[in-house]
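Structural features, examined
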Amino acid sequence: MEVFQTAKHYIFVRKDRSLWWNRSTGEFRAENGCDLSGVDDIECLGLTPGIVGALNLPGVLEPHLMVIKEAIPMGVIYPPHIVYKIKSVLMLNSEDPEAILSPCPRHSTAKTELPRSNVLLESSQLMNKTWGVMKSASNTIKSSTQHAALLASTQVKSSVGIRDAGRIEKKVTEELHRMFDDSDSFYFCTEADITQSLQRRGCDTDGERFFWNKHMLSDILKLTV
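Residues numbered from 1 in each chain as written. Predicted model: local features only at pLDDT ≥ 70, side-chain atom pairs only at ≥ 80, totals over all residues. Heavy atoms only, no water.

As annotated in an unreviewed UniProt entry, the protein carries the name SAC domain-containing protein and comes from Lutzomyia longipalpis.

Right, dumping it as structure tokens:
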């Protein structure tokens, strides 16, 4: 998914759809079509495997959007769908990005190779192993991202006061990076629903137990094009 930046928005483009996120207000809007030729001062930041979700704590933290910076393929489930593990994330807000994404082939001359696992076999044995890894990871997650952010901001406020917004933001982002970059506990699949167990596959509703970032995607899930 391509990521573009303007003075007011971050724009995510995939195929013939685009998602716009306001850098100041944190509001989303979805649009059909991906023609951005008429957008002023637009810059391609690179590629992201996906969006983790939005984080907005009124009075504590300005709107932030967390996207996946790096992901590693871990196995196959419901062949041929690949399950990925998040290796690192990137926080976007009203300021310029803190790091760079993978170069976009259409807008960069840099040569980038996608990370590969040793072997991705489409077998029932590997599918069961992949599912077991995800279940184990889900059980090790101690708190949600919202809880971690609130905990971090509370610790900072108790020592420096609510007016030190810069230090609060730093503490929150450090806590979130620690959760997503170091825990090896967050998995996703871009083509298949992995929120359901094998027995409940095909159900109309998603599985709350494994949809670990649903609260962060609530605004996006409400959008219609």
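A short note on the overall build of the protein
Secondary structure assignment for the protein yields 4 helices and 9 strands. Reading the protein from its N terminus to its C terminus gives the helix and strand order β-β-β-β-β-β-β-β-α-α-α-β-α. Burial status across the protein gives 40% buried among its 225 residues. Put simply, 61% of the contacts in the protein that link residues at least 6 apart link residues at least 24 apart. (Helix = DSSP H or I, 4+ residues; strand = E, 2+ residues; numbered from the N terminus. Buried < 20%, exposed > 50% of the residue type's maximum accessible area, 1.4 Å probe, protein only. Contact = heavy atoms within 4.5 Å.)

With respect to the sheet that holds strand E5 (residues 43–47)
Pairing within the open sheet is antiparallel, and its 5 strands lie in the order E4-E3-E2-E1-E5. Looking at which strands have only one partner, the edges of the open sheet turn out to be strand E4 (28–32) and E5. With strand direction ignored, the average angle separating the axes of adjacent strands in the sheet is 25°. Note that strand E1 (residues 2–5) and strand E2 (residues 9–14) share 4 bridges and pair antiparallel. Bridging across to E2, Glu-2 finds its partner in Val-13. (Pairing = 2+ DSSP bridges. Axes fitted to C-alpha atoms, helices over the stretch in contact; angles between N-to-C directions.)

Side note on the sheet that holds strand E8 (residues 81–92)
Taken together, 4 strands build an open sheet; the order of strands is E6-E7-E8-E9 and the sheet is antiparallel. Two strands close off the open sheet at either side, each with one partner strand: strand E6 (51–57) and strand E9 (187–188). Here strand E7 (residues 61–77) runs beside E8; their pairing, made up of 11 bridges, is antiparallel. Looking at E8, one finds that Ala-71 is bridged to Ile-86.

Brief notes about the nonpolar core
Grouped together as the largest cluster of nonpolar side chains are 19 residues, with contacts concentrated most on Val-52, Met-66, Ile-86, Leu-176 and Phe-180. Breaking this core down by element, the ones donating at least two residues are E6, E7, E8 and helix H3 (165–182). With 5 residues, H3 is the single largest residue contributor to this core. Residues Tyr-10, Val-67, Leu-90 and Leu-92 belong to the second largest nonpolar core, which totals 16 residues. (Core = buried A, V, L, I, M, F, W, Y, C linked by side-chain atoms within 4.5 Å.)

Things to note about the side chain of Asn-22
Residue position: Asn-22 is located in strand E3 (residues 17–22). The exposure class of Asn-22 is buried, given its relative accessible area of 18%. Of note is the side chain of Asn-22, whose polar atom sits 2.8 Å from the backbone nitrogen of Ser-24. Asn-22 has contacts with Lys-8, His-9 and Glu-27, leaving out every residue within four places of it along the chain. (Polar contact = N/O pair within 3.5 Å; in protein donor to acceptor, adjacent residues only side chain to side chain.)

Points about unusual backbone geometry
Here the residue pair Pro-79 and Pro-80 is connected by a cis peptide bond, since its omega of 15° sits within 30 degrees of zero. Among the secondary structure elements, Pro-80 is positioned in the loop between E7 and E8. At Lys-15, a position not held by glycine, the phi torsion is positive, near 55°. Assignment of secondary structure puts Lys-15 in the loop between E2 and E3.

Examining the packing of aromatic side chains
According to the stated counting rule, one finds 6 aromatic pairs in the structure shown. When the centroid spacing of 6.5 Å and the interplanar angle of 45° are considered together, the rings of Trp-21 and Phe-28 count as tilted. Residue classification places Phe-28 among the buried residues on the basis of a relative accessible area of 12%. Through successive ring pairs, a cluster of aromatic residues spans Tyr-10, Trp-21 and Phe-28. (Phe/Tyr/Trp six-rings, centres within 6.5 Å; stacked < 30°, edge-to-face > 60°.)

A word on the pairing of E4
With 5 bridges joining them, E3 and E4 adopt antiparallel strand pairing. Residue pairing in the sheet places Arg-17 in a bridge with Asn-32 of E4. Turn length for the E3-E4 hairpin, with the two strands adjacent in sequence and antiparallel, is 5 residues, and the turn residue Gly-26 shows positive phi of about 80°.

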